[in-house]
Amino acid sequence: MIGLDVGTSGSRAVALDPDGTIRAVAAADHPSQLTGPGRVEQDPADWWASAASCLRAITAVTGPAPAAVGLSGQMDGPVLIGAGGRVLGRCHIWADSRGTAEAQRITDLAGPAELIAVTGKPAVPAYTAAKLLWIQAHEPDRLAATERVLLPKDYLRWRLTGTPATDPSDAANTLLFDVVRRCWAPELAAQLGIPARLLPDLAESSDVAGRVTAAAAAATGLAPGVPVVTGAGDSITAAVASGLVPSGPGLTVLGSSGNVSAVFARPLIDPAGRVHTGCHATPGTWIATGVQQAAGLALGWVRDLLPGGAGTSYQDLTALAAQAPPGSHGLTFLPHLAGTRSPHYDPLARGAFAGLSISHTAADLVRSVMEGVVFGQHDSVAVFAELGLPLPALISAGGGARSPLWRTIQANVHAVPVTHHTPAAAGAPEPAGAPEAAGVPEPAGVAKPAGVPAPVAHDSAPPADDSALGAAIIAATATRMFASLEAAAHQVRTAAGGAATPLAPDPATAAAYQAAYARYRQVARQLVTR
């Protein structure tokens, strides 16, 4: 199996053998363009270049004919397809926030309660409908020439197979989808003035939604006719790789941004929209998520302010943080460097240190940043508990989860066991000092050419990208290699060395963090604008 993810900073691919062993991984970057305040665009042609180079690298190791290819990708960004399959301009990716007024217009047209009841979430500029309304208002000729709107992973499948389709998980983030009935909501599209004809066909995540064409085969190294599975959005495939199931552990992600997610066997919708509900990768399951704008991004920010700056490894940075005690000597950090999404959307919210004194050290500053990120995630954990669905345990994922200190902070703040799975082949080394180890990206807007990555064989493979691995797992279940997503994820963990030992909270430390979280909430109430 091959799993392919088109992410924000680049494409990632992983090859998975039938016994769950990760055989090879590959990566290639693609650029972003910052075209103005709040404007972040990417060229789908760059996605195709980075994805194709990943596939060429993987197939050089595995051969051209995997049982299937599964897809994953960054969510929300619309790719406009015109006559003859021509891509009409660059994609406004999820991080593009120019559609603030359009998001408010969606709320006004649909009604806030009615919108959440249908879509499972409030309107924010990240979601697809707000971006389409902005294009409609500012570039009407471009939208008028559009024949189909695709999401990033679906653009890759269209290039691979010629099939324009999406799955319920990606569709659920468009604000044009009924998450309870798991189908498009044409009446909502009509309310918003978005032509329903633009919406792609729907297929379940594990459906085969096309086969590799001769042209795509020539570009990727895949054989013509290889099945391509629909796949899911990147946060969903990351949950798949972590083995999330209804009534099981929740998932916390410490990437550039962060989130807390849980899977349910019924569509849990928070009427206040504090956590956002979407569709999971199997029929009859849903996933709710609390989103954090800056997680590893905040740690990278404070690192760059300290002596040594970007030259400081994240291992050294977290070793510094470990010199401070839990609670950072009373120092509190609000991680709202890029506004907030959960539990309340507020793009004007800003970060802060509170309680600074002359006695505080660099260690206190760094640890308080790590703690503040986890406190922000605990806001979402608390919402799940308030909705009557407390999370009995958590799985920690993302680059930041490779830090034992950050996982220990999570276990004690959330007061539940925290497990971390590192899905790598046997003998794989931990990354040392790379920005990805803390989930921190390169600076936004830096253009990088998409080059051919060096494929890495199983005896030296770094940890596989969670989203690409989840896409491979979905492909494995689609071809009946495994009976279920859960069985496949379990087999991958077993092949990588078995289940990780959970970090249990320490009662005394958890009590100290309970007091520190109370300080955090008090500071947040005073400083956040809403």
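These numbers were taken from a predicted model, which means no experiment stands behind them.

**Quick word on the state of the cysteines**
Link 1 in the chain: Under the defined criterion, the tally for this structure stands at zero disulfides.
Link 2 in the chain: Cysteine 91 takes part in no disulfide bond, and the closest cysteine sulfur to it belongs to cysteine 54, at a distance of 18 Å.
Link 3 in the chain: Counting only cysteine sulfurs, cysteine 183 is the nearest neighbor of cysteine 279, a cysteine outside any disulfide, at a range of 9.4 Å.

**Things to note about helix 15 (residues 466–478)**
Side chains that are three or four residues apart share a direction in an α-helix, a result of its 3.6 residues per turn.
Link 1 in the chain: For helix 15, spanning 13 residues, the distance from its first C-alpha to its last is 18 Å, which sits close to the expected 18 Å at 1.5 Å a residue.
Link 2 in the chain: Counting buried positions over the 13 residues of helix 15 gives 13, a clear majority of the element.
Link 3 in the chain: At the N-terminal end of helix 15, a side-chain oxygen is found 3.1 Å from the backbone nitrogen of serine 467, two or three residues along, and the residue is aspartate 465.
Link 4 in the chain: Once helix 15 finishes, arginine 480 follows within two positions and takes phi at roughly 65°, a positive value.

**Section: the side chain of serine 169**
Link 1 in the chain: Counting through the fold element by element, serine 169 comes out in helix 7 (residues 168–171).
Link 2 in the chain: Here the side chain of serine 169 touches aspartate 167 through a polar contact of 2.5 Å, side chain to side chain.
Link 3 in the chain: Within the structure, the side chain of serine 169 is placed 3.1 Å from the backbone nitrogen of glycine 233, a separation counted as a polar contact.

**Examining the confidence of the model for the chain**
Link 1 in the chain: Taken as a whole, the chain shows an average pLDDT of 90; of its residues, 91% reach a score of 70 or greater.
Link 2 in the chain: Considering only residues more than four positions removed or in separate chains, one finds that residues 425–453, a stretch of pLDDT under 50, has 74 contacts.

**Thoughts on the sheet that holds strand 22 (residues 394–397)**
In sheet architecture, strand pairing relies on hydrogen bonds along the backbone and comes in two forms, parallel and antiparallel.
Link 1 in the chain: Spatial strand order, 18-19-17-16-22-23: six strands in an open sheet with mixed pairing. Strands at the two margins of the open sheet, each flanked by one partner only, are strand 18 (276–279) and strand 23 (418–419).
Link 2 in the chain: In terms of strand pairing, strand 16 (residues 250–254) meets strand 17 (residues 258–264) through four bridges, oriented antiparallel. Bridging from a neighbouring strand, valine 253 pairs with asparagine 259 of strand 17.

Each value, and the rule that gives it
- Residue numbers here run from 1 along each chain, matching the order of that chain's written sequence.
- Reporting of local features is limited, given that this is a predicted model, to residues whose pLDDT is at least 70; pairs of side-chain atoms are given and counted only at 80 or more, and all residues count toward the totals for whole chains, interfaces and linings.
- The basis for every side-chain value is the complete set of non-hydrogen atoms in the structure, without hydrogens or water.
- Working definition: a disulfide is two cysteine sulfur atoms within 2.5 Å of each other.
- Numbered from the N terminus, helices here are DSSP runs of H or I no shorter than four residues, and strands are runs of E no shorter than two.
- What a helix is expected to span follows from its residue count: subtract one and scale by 1.5 Å.
- Buried residues are those whose accessible area, probed at 1.4 Å on protein chains only, stays under 20% of the maximum for their type, while exposed residues exceed 50% and partly exposed ones sit between those limits.
- Polar contact criterion, stated in full: a pair of N or O atoms within 3.5 Å, where within protein one must be able to donate a hydrogen and the other to accept it, and residues adjacent in sequence count only if both atoms are side-chain atoms.
- Per-residue confidence from the predictor is given as pLDDT, running between 0 and 100.
- The criterion used for residue contact is that any of the two residues' heavy atoms lie within 4.5 Å.
- The rule for pairing is simple: two strands pair if DSSP sees at least two bridges between them.

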